[in-house]
Amino acid sequence: MDTTLSDPITEPLLGNTPQEEKSKIYEPITRSGFLDGTRQECLRWAHLLATFVAQSARNIANVLSEFGSWLARLFGCSASKSSQNGQTVPVNLSPLQEERLRLLRQRIDVPYDCSSVKHQDALKELWRLAYPNRQLPPLKSDLWKEMGWQNSDPSTDFRAGGFMSLENLIYFARNYPDSFHRLLHKSDGKRAEWEYPFAIGGVNISYMLVQMLDLQSGKMRTKAGVHFVQLLEDDDVAFDNLFCVAFQVLDSQWLARRASYMDFNEVLKSTRVQLEQELTIGGISRIQDIPSFRMLKS
């Protein structure tokens, strides 16, 4: 705070009144001179007091400014380090949440193994759920391309999605069969000439969710991830439910954008943004609470 004070009054108390006129107004002048002298003394002390107050105010302001800067540096550095390290506020998880998170991370680390009978049976189960009235084809057949696999051997298409992406598709088919079949058969809206392949789309969604929730790093560095692990308290299949919602959101955005095959990655990115926003809404205690869940039809 800077206060500008004018100089003390230095003008003559009588001004420039001619000497010959002073005798005519002697008494008034004498009284006025006395009062003016008193006024000048008062003004001088008032000026000194004002100067003292102004200087004190400046000193106080400087102290407060320095204190504020110190606080800003203290908390600013702390926030900067947290941001640079990619860390968030530590999350206190219950034993149940810890265990379910551990099991989820174990699932993520399992690749699809074409030599595993369990994995082969899971792939066959997906076919039966997708086409209950059709004969099961061999594990290597061009018929698998009808489901949206890129190759006649689906085992070559899992890549980063791993075995869990197959489990996600099976969960979707079992728990939300109406939505699953609508998306599989592309029965909603006006579709593009070059559509996204259903099965490969599912594998990509699984992988996108793992990245979005930061499940592989071992640290909760994203807001969406922090909120998601809280949901594991009441839902041991929260990830599978989120997968189903994500698939429905992707298809809805696909139609809204009038997207075609080459737009898939952009639609997937916008799907991620929408899910990140919905997961961080206050009051969300389970996947069924996020706004997009209502688009699923069981």
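Keep in mind it's a predicted model, so treat the numbers as computed, not measured. (Residues numbered from 1 in each chain as written. Predicted model: local features only at pLDDT ≥ 70, side-chain atom pairs only at ≥ 80, totals over all residues. Heavy atoms only, no water.)

Asker: Account for the nonpolar core, with residues named and values stated.
Answerer: Judged by nonpolar contacts, the single largest core of 67 residues is most densely connected at Met 147, Trp 149, Leu 209 and Leu 242. If we skip the residues at most four places from it in the chain, Leu 209 touches Phe 239, Leu 242, Phe 243, Ala 246 and Leu 275. (Core = buried A, V, L, I, M, F, W, Y, C linked by side-chain atoms within 4.5 Å. Buried < 20%, exposed > 50% of the residue type's maximum accessible area, 1.4 Å probe, protein only. Contact = heavy atoms within 4.5 Å.)

Asker: Quick rundown of the side chain of Gln 97? Include the residues and the values.
Answerer: Here Gln 97 lies in helix H2 (residues 95–108). Taking the relative accessible area as the measure of exposure, Gln 97 reaches 5% and is therefore buried. The residues touching Gln 97, leaving out its near neighbours within four places in the chain, are Asn 92, Val 229, Gln 230, Leu 232 and Glu 233. (Helix = DSSP H or I, 4+ residues; strand = E, 2+ residues; numbered from the N terminus.)

Asker: Any chance you could break down the side chain of Gln 248 for me, citing the residues and the numbers?
Answerer: Take Gln 248: it is sitting in helix H8 (residues 238–257). Given the relative accessible area of 4%, Gln 248 is considered buried. Beyond its immediate stretch of four places on either side in the chain, Gln 248 contacts Ser 179, Arg 182, Leu 183, Met 295 and Leu 296.

Asker: Lay out the pattern of salt bridges in plain terms, naming residues and giving numbers.
Answerer: If you walk through the whole model with that rule in mind, you get 14 salt bridges. Glu 125 is paired through a salt bridge with Arg 128; the nearest N and O atoms lie 3.5 Å apart. Of this pair, Glu 125 and Arg 128 are both found in helix H3 (residues 117–130), three residues apart, which corresponds to roughly one turn of the helix. For Arg 128, a relative accessible area of 42% translates into the label partly exposed. One salt bridge connects Asp 157 with Arg 159, and the closest N-O pair in it is separated by 3.8 Å. Take Asp 157: its relative accessible area is 0%, and that puts it in the buried class. Through salt bridges with shared partners, a single network forms among Arg 107, Glu 167 and Asp 240. (Salt bridge = Lys/Arg side-chain N within 4 Å of Asp/Glu carboxyl O.)

Asker: How would you sum up the confidence of the model for the chain? Please name residues and give values.
Answerer: The predicted model of the chain averages 78 in pLDDT, with 69% of residues at 70 or higher. Within the chain, helix H1 (residues 26–84) has the poorest average pLDDT of any element, 44, and H3 the best, 98. Confidence drops under pLDDT 50 across residues 61–86; counting only partners more than four residues distant or on other chains, this segment forms five contacts. (pLDDT = per-residue confidence, 0-100.)

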